[in-house]
Each structure stands twice: as C-alpha cells, then as structure tokens.
Amino acid sequence: MGKRWNGRGRLVSARHRERQPAGARIRHVVHRLLPVLAAWALLVSVPGRAATLAAQSLDGGWQFRLAPGDTHAADHPAATRWLPATVPGTVQTDLLAAKLVPDPYLRDNEAKIQWVGLADWQYRTQFEVDAATLARRHVDLVFDGLDTFADVSLNGHRLLAADNMFRRWRVPAKAWLHAGANTLEVTLHSPIARLQPWLLKQPYALPGEFDSAFGDEPEGKQTANYVRKAAYQYGWDWGPRIVTEGIWKGVRLESWNTLRLADFHVAQRKVDADAARLQAQLRIASDLAGPARVTLRWRAPDGSTQSLMRKVALEAGDNQVSLPFQIAHPERWWPVGYGKPNLYDFHVDVALHGDVVASAGRRTGLRSVQLLRQKDRWGRSFAFVVNGVPIFAKGANVIPLDSFPNRVTTARIDAMLQSARDANMNMLRVWGGGYYPGDAFYAEADKLGLMVWQDFMFGGAITPYDRAFRDNVRVEAVQQVDRLRDHPSIVVWVGNNEVETAWESWDTSLDFQARQGKAESARVEQGMRELFDHTLRDVVATQSPGVPYWPSTPSSDYDGKANVLDDGDYHYWNVWSGKALPPTAYLDVTPRFQSEYGLQSFPAMATLRSVLAPSDLDIDSPVLRAHQKFDKGRGNRRLLMYVEREYGKPKDFASLVYLSQVMQAEGIQLAAEHLRASRPQSMGSLYWQLDDVWPGVTWSSIDYYGRWKALQYHARRFYAPLRVVAIRQRGVTHVSLVSDRTAAFDATLRVRVLDMDGKTLWEHTQPAHVAALASTPAGDYTDAQLLHGADPRRTVAVFELLDHGKPVSRHLVYFDDAKDLALPDPGLKAVLSADGRRVTVSARQLAREVWVDFGDTDPDARLSDNAFDLLPGESVTLHVHSTADPASLRRALTVRSLYGATVATP
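One structure accompanies this document, and this report is about it. (Residues numbered from 1 in each chain as written. Predicted model: local features only at pLDDT ≥ 70, side-chain atom pairs only at ≥ 80, totals over all residues. Heavy atoms only, no water.)

Moving on to helix α6 (residues 410–422). Each turn of an α-helix holds 3.6 residues, which means side chains three or four residues apart point in the same direction. For α6, spanning 13 residues, the distance from its first C-alpha to its last is 18 Å, which sits close to the expected 18 Å at 1.5 Å a residue. For α6, the set of buried residues is Ile 413, Met 416, Leu 417, Ser 419 and Ala 420. Burial along α6 is one-sided: seen end-on, the buried residues are contained in an arc of 155 degrees. Check the buried side of α6 and you find it contacts β27 (393–398), β28 (427–430), α7 (439–448), α15 (710–718) and β45 (862–863). (Helix = DSSP H or I, 4+ residues; strand = E, 2+ residues; numbered from the N terminus. Expected span 1.5 Å × (residues − 1). Buried < 20%, exposed > 50% of the residue type's maximum accessible area, 1.4 Å probe, protein only. Arc of directions from axis to C-beta. Contact = heavy atoms within 4.5 Å.)

Relative to the assigned elements, Ile 668 resides in helix α14 (residues 653–677). Classification of Ile 668 by relative accessible area gives buried; the value is 0%. With residues up to four places along the chain from it excluded, the contact list for Ile 668 reads Tyr 586, Tyr 597, Gly 598, Leu 599, Tyr 687, Leu 711 and Phe 718.

Counting 200 residues, the largest nonpolar core has Trp 121, Leu 141, Phe 143 and Tyr 687 as the members making the most contacts within it. Excluding anything up to four places from it in sequence, Tyr 687 contacts Gly 395, Ala 396, Asn 397, Met 425, Tyr 597, Ile 668, Ser 701, Leu 711, Gln 712, Ala 715, Phe 718 and Tyr 719. (Core = buried A, V, L, I, M, F, W, Y, C linked by side-chain atoms within 4.5 Å.)

Our next topic: the environment of Pro 824. Here Pro 824 is to be found in the loop between β41 (806–814) and β42 (829–832). The exposure class assigned to Pro 824 is buried, which follows from its relative accessible area of 14%. Residues Pro 824 and Arg 717, spaced 107 residues apart in sequence, show a C-alpha to C-alpha distance of 25 Å. Contact partners of Pro 824, with chain neighbours within four places excluded, come to Met 756, Gln 845, Leu 846 and Tyr 899.

Quick look at the environment of Ala 771 now. Its location among the elements puts Ala 771 in the loop between β38 (760–770) and β39 (774–782). Expressed as a C-alpha distance, the spacing of Ala 771 and Ala 173, which sit 598 residues apart in the sequence, is 63 Å. Not counting the four nearest positions on each side in its chain, Ala 771 is found in contact with Ser 739, Ala 744 and Thr 776.

Moving on: the packing of aromatic side chains. Aromatic ring pairs are described here by two measures, namely the spacing of the ring centres and the angle between the planes. Within the structure shown, the criterion is met by 48 aromatic pairs. With a centroid separation of 6.2 Å and an interplanar angle of 20 degrees, the aromatic rings of Tyr 570 and Tyr 572 are classed as stacked. With respect to class, Tyr 570 is no different from Tyr 572; both count as buried. The structure contains a cluster of three or more aromatic residues connected by ring pairs, namely Phe 210, Tyr 232, Trp 236, Trp 238, Trp 248, Trp 431, Tyr 435 and Trp 688. Sitting over the ring of Trp 256, Arg 260 keeps its end group 5.2 Å from the ring centre. If you follow Arg 407 out to its NZ or CZ, it ends over the ring of Tyr 105, 5.2 Å from the centre. (Phe/Tyr/Trp six-rings, centres within 6.5 Å; stacked < 30°, edge-to-face > 60°. Lys NZ or Arg CZ within 6 Å of the ring centre and 35° of its normal.)

A word on the packing of α6 against α7. Contact geometry of α6 with α7 gives a least axis separation of 10 Å together with a crossing angle of 30 degrees. In the crossing of α6 with α7, the sense of the turn from one axis to the other is right-handed. Across the interface between the two elements, Thr 410, Ile 413, Asp 414, Met 416, Leu 417, Gln 418 and Arg 421 of α6 pack against Ala 440, Phe 441, Glu 444, Ala 445, Lys 447 and Leu 448 of α7. Of the residues assigned to the contact of α6 with α7, the class counts are seven nonpolar, two polar and four charged. (Axes fitted to C-alpha atoms, helices over the stretch in contact; angles between N-to-C directions. Left-handed = near helix turned anticlockwise from the far one by under 90°. Nonpolar A, V, L, I, M, F, W, Y, C, P; charged D, E, K, R; others polar.)

Pairing between sheet strands relies on hydrogen bonds along the backbone, with the strands arranged either parallel or antiparallel. Strand order in the open sheet made by the four strands is β42-β43-β47-β45, with antiparallel pairing throughout. Strands at the two margins of the open sheet, each flanked by one partner only, are β42 and β45. Where β45 lies against strand β47 (residues 875–881), two bridges are found, and the strand directions are antiparallel. Pairing of Leu 863 across the sheet is with Val 880, part of β47. (Pairing = 2+ DSSP bridges.)

Right, let's talk about unusual backbone geometry for a bit. The amide bond that connects Thr 553 to the next residue, Pro 554, takes the cis arrangement and shows omega of 0 degrees. Within the secondary structure, Pro 554 sits in the loop between β31 (549–550) and β32 (570–571). Omega for the peptide link from Arg 679 to Pro 680 comes to 5 degrees, which places this bond in the cis form. Relative to the elements of secondary structure, Pro 680 occurs in the loop between α14 and β34 (684–687). In this model, Lys 99 sits at a positive phi of 60 degrees, which is unusual for a non-glycine residue. Of note, Lys 99 is situated in the loop between α3 (91–97) and β6 (121–129). Positive phi, close to 50 degrees, is recorded for His 353, a residue that is not glycine. Relative to the helices and strands, His 353 resides in the loop between β20 (344–352) and β21 (355–364).

Printed below as a string of structure tokens:
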C-alpha cells in the first residue's frame, strides 16, 4: 500500500487512514482544504486582477547623513544632518548636490573626496502603503542594486544584509508593513573600512590591481579583491579613485496574490534560414496547484503576428513551464554590415479561470552564434560565426561612462553606441572591471546590430577561493545571465579580464607564489579554476546554452598558457606599456584575435580646459599629472616621448594635444589594418578603449564629453567594409584588399606615386578580384619600384581601390618617418557655407592629418570626417552638425595639419 504525508508532516499509511472514524476523516479533509479554498476565493473575488503583480516605486523621498558615531563627523559636521538624497544614486553625488564636496573631476579635487568612501552612511525614506497592497498574500521589497555592504531595515525590523553590488535583492516584507506611513532605512558601510581590519590580520593579501594613491590602504593590501564591487572605482590607470556607496539602482514594493511570473525567456534551440526552433520558458511561482492557460504572441519584423496557447498544470511552489514552437523562414538578426538586425517582439499571458494574472514581454533577435575553434596551420582559430557567416570583429573595449553610474543617461549610452556604429565597428567588449550595463545599453546594441563581448565583472585581481565567495558570484551570474540572455547582441560571455594571465605572468602574482609556496599557491589557483572554468561556465551552459563561454581574456581555454599568439585571444601591450616599443612593433605579432591593444592621447583642448586652469596646461604640472593615471602620472612624459619619436618636438601645448591624437590614430590604424590584412589568421581587432570615465589623459578614441578624437575618425576608415591596406615594412609595401562583403566582385587597383607638389611620378593600374569575407593579397612593391629614384622625403604613394571607376578606398604610404618628411606648406583653406552646415577644405600641396576645429565656440560640433590627408590641389566638403549659429562657427573655424606643428630642426 502507498504512503502519504499527513497534515502534521508525518507519514501515514492508507490502511491507518481507513481505521480513522468518518467524522475525523471529514474534519481532516476540510482542515486541509480550507487554505486552498480561501486562496481560490480570493483569486476569483477580483476578476482579472486577482494575481496581477503590482509594483510601487520607492525611489522618492530619500534623505541621507553620516552614520551616527562615524569618525568623519568632526571634520564634516554638515554631513551629520539629514539631507535630501537621490535614488538611484551614490553618496558622492548626493554630497555634490548638497555642495558639501567639490567636483572631483575639477583640477586635483579627487583627493578631497576620498573621505566619503571611508565613511558609513544612512539613508531613509517614508512611504505609504494602502489597504489593497496589504490585502495581497505577498509583498516583497526589491532592491535592484545596493552598493555594496548594506543593512536594510523596515519599520525597525532588519530585513537584509547585502554584500554584492551586482545582485538584485528580494525579501518578503508584508509581515513588517502597516497601513499608512512606513519607514525604510539603509545603512551603507565603507567597503574599505569594513574589510581592511580583517585583511590586515590575514597571513597574506591576494595580488590586486592598483594601489591607492591616497594612503587609505597599505601598499599591496587591497581590499577590492574580496568584495563584489566595481573594481574601477578603486582607481585604474585611466580613471580616478572614487569608492562609491549608495542605493545605485531602483527600489520598489512588489505585491501579488497567488501567482508571480518570475521570468520569461525565449530560448533558441536551433536557428537557421529555414526555421527557428524556439522554446518559451517561464518560471512561475504559485501558491496553488491547478490548471493555467499560457498564451504566447509574437510580432515579426515585417509586422506579421502569430500566437499559440497551451494549458499547463501548475504545482504549488516554483514551476518551470516550457512551450516549444517554431517559426518558419525567420527574419534573422545580423551584425551590422551583414544584414538587418531584425527583432521580434514576444508577449506572454498567464491566465487562471479565464483571467490574465501575469504578463511579460521580450524583444529579441533570432540568430545562431558560434565561437569557432579549429586547428589550422597557424595554431587554433578564434572566430565568431553568426548565422553560419564568419565575422571579422572590428571594434573597441568599453569602460564605464562615468565614475558615478547614476549619471549615465540613456542619451549618453545611445550616443556612444551610435558613434561605434558610425565608425564601422561591429563589436564592443564590455570590460570586466566595471559593472554590468543597464538594459538600455543592450537594447540599443540589438537595434544597431552591434555584437557584444560580455565580461563577468572581474578586473584582473586574484580572487579568493572560499566557497562563500564563489556561491555569491554564482547567484550574481545567474541573475545577470537571466537578465541579459534575450539580447541577440551578446555573442560571448567571458569569465574575467586578465585574471588568468595575471596569475601566470605578472610580477605581483609570481612574487606571491614564491612567498606562499606551492601548496597555498595551488589552492589559490584551483579556486580560480573552479570559479572561472566551472562555476561561471556552468551558469552560461545552463542559463544561456546558445551563447559561447570563454574563461578569461586573454586565454586559450586552459589548453595551455594564456596570452599566446597561436591559440585564443591576445592582449598586446609592449607598445605603450611594457617595453614601450614603437607602433611598428604591432606588425611583428599576428594573434588569432587581438582583444586589447592601445596608445594614449590627450583629449580635446576644450575638454582639458573644462576641468583645468590655464596654468595647469603644462605637461609637468601637478594638476595635469593628476589627470594622468598611467604610472602615477608619469604617463604624460611617455606620451611626449611617443610624439617626439614619431613627429618631433611640438611647438606648443596645443600642438602636443593635436600630435598626441595623430600619433594614437596612426599607430592604432597600423595595428588594426595589419590584423584585418591577416585574415583568417587573425579574426578580431578590439582596441583599447572607446570611451572615457572622466576628462583625463587616456587611451580612448571618444573623450568624456563624447567628442571624437582623431582615432575615432581614422577608425571609420580603417574599419570600413572595403579597405585597400598598404603597409610598408622594411622597405617593402604589402598591399591587401580587405572585404567584409559576403559576395566577391571585380575591381581595379590603381597605384600613383606623387611628389608633394602634385606631380605624378608613376602610375599603374591592374585588375583586382576582391574575394568575399577575405583579405586578398594584391602585390608587394619595393621602395625602388615605387620611387624610381625620387626623394623619399618628398614623395607619397597613393593606393586606390576602384569599383566601376569610382574610388571606394584610398591608402597613402610615406617613405620616411613623419618627423623626417619634407612636408610643404599645404596652403590650407577652410570655407564655411552660409547656413553653417558644410565646410569645404582645400590644399594647394600635400596636407597630412588635416584637423578642422571650432574651438570653444562649439567643441561638440561633429564633422563627417576629420584627421584626413589631402592630395595637392584636392578639396573636400564636410558636413557639420552643430547647435551654434553660422556666424559664430565662421569666426571660430580653424584648420591645421602636420605642417608647422613641430619646432623646426636645422
């Protein structure tokens, strides 16, 4: 006979139940059914609304102050009073709004805000709860983000102790709520003050990233390793140290009766041109067992709609509901340049007894993605394949747009992503030392067809190996992958930034291993392997199996050493960092996929003037050094060295700024074009970095205010779908025809050799077959073949790809270092149209790296092109996007080139 659980949690046999008196059995059944009947009565008493989720925002009405007893109160008494606060936000931005701290981006004010991240803070708000909310069976308090160590209490009852910036926190709150006014309090603890006393008692500190420049942590004793918080906020070599605290994402009450739709996901089992085999996956929390109806509707990119309905049986508790379905001949999502980034809209309703009680929607694109890892004559490939098409990844690395996440608007995100697409990029890497961007970032990337390489948030520090840390990360990873997995733009999840290679090759890690010995080093290494090779890999495989996982960047997927040329992805920093080699050293390495490399430059003069005083505009000024984070401010001297080595001594500071951008642009162009010309040996170029976190001296191609540097304009050309690449190395120019097109075509290659006054010295044309998705060698030319005895200092070679007689790509090759060229006065002229929307630039003689600017009148004016070369007698008309009036633009218009930018040498 079978056995069942009785109402008190004990096993009783059917025979025993049969011996019970009839009345007792009836009372027992009624007792068991009463809660069920009551719940169903509540469910049907409010038709159509019985279990619908209600959300009440709690973002308003907040106040903050220094926590009572905090040691900083004596020096900052004004911060001990309750002051208005903004949620989402940070303590630092609330103090800025209250004018209690200076702007840390101005001059050297960064030092004056350090105390904030060392203090504890209190936040509070009052909110009303109505009878309808309290009548519901469930009321949860939800924090989408707490930064980072936070104690939460409701009406004096402690509900939550948070310890992870990247997690959503949900706790039942109904028991502590009452009708009318309720008080919610959050105490935020300094992550440094919380962890430092513990860390100083440990036998060792794990190797970290950048030591504090402000003395708040002992050298080599970094607390950032041990907390799940954005690593860049502890300071990086391109940004300030501002250790934020705050309620950095939204807060709300969620209430419902019997059923909550916890998640809705459209899983893509197999997608090809013929069919998309999909599965609608729902996670439903239900108080009751019983039937439900699930209706799925979707709208295709062409506007057509379809739907399906299924009856399902719910169990009490958590339910995983799957609805398999198929879409014939799907309109697939494609990366930009390969087709339309088509998106489908899916909507699901869950109904009980005919009433819709829960709904959700998802917008997603249907596509397949593969990380191709095949052995070949160069080692093992590393290539992204989308919908069966191998894609050469062209793009850059993305860092947080601000030290304060709450200041990053959707408009700023959209502008950055549009700038990437405008520069012919198709991939951006979300770097692991920041934070997971909000939904708006990925939604816009989906729309633009930009692929996203998504790091998990580990910036390079060696991680703890304890189980509690790993379990905390696992919850974080599940939440983030679940949140983002319907975005077709995400084509890979990567375990970390540089943790693997740091452990293997960085001096700090090698010294640590030598000090701690083999046994403890093995435990640390095994902990990292468990986290990045198992925990995170398993999360992606379970939650988003259609997207590849890669354990670290750089890595060879634990096939061997990380950061090798013949396997996996590669970070190359011997140009600029390391050996400080010249940009020509980029030609000596050909990795399978170069996911980091970079050169620094100054931002625009207008950007520098926005945060510096005139007296600060000197390369050795302490304030300018404070805005240069590489090598403790010594990066400015390295930048000058790179400029002088390539171009000569700048004649003034403004010329240094200009030349730094030219050096960066030409150096990165050399690397990117070498990589593209090396296809399929190399299948990716992601330079460091696209954007800026503050107005500083960094590796970015777009500065903090969204202003394009010369590199961004160059990227538009060197990442163009069709590109004639001419690279001169050791006296030979190697020419390749690079095409991202999916169909081959016939064209013409034209080669002209000119003197700098415009005289044609030699010309040659030849037919060219441009292969699809390939780099096609088109010839090698020695200097002697091109120059025919001409003076290399006064000669330029022009390589052009012609399609039906029309130039589609042009590449100029010079025969000496820029500083040694005999550049003539180009006789540049720039004329603005009457309406201020066009500017025509002309040159009598060769002009190299022409830069058109409107100065402080409109530093945000965007030109259709800039940082370009003009041949003798050539003119070009540029489109101008500006909010300034034409007269002001005309007065401010300037144009310059390499000629006259340096001090003349005898």
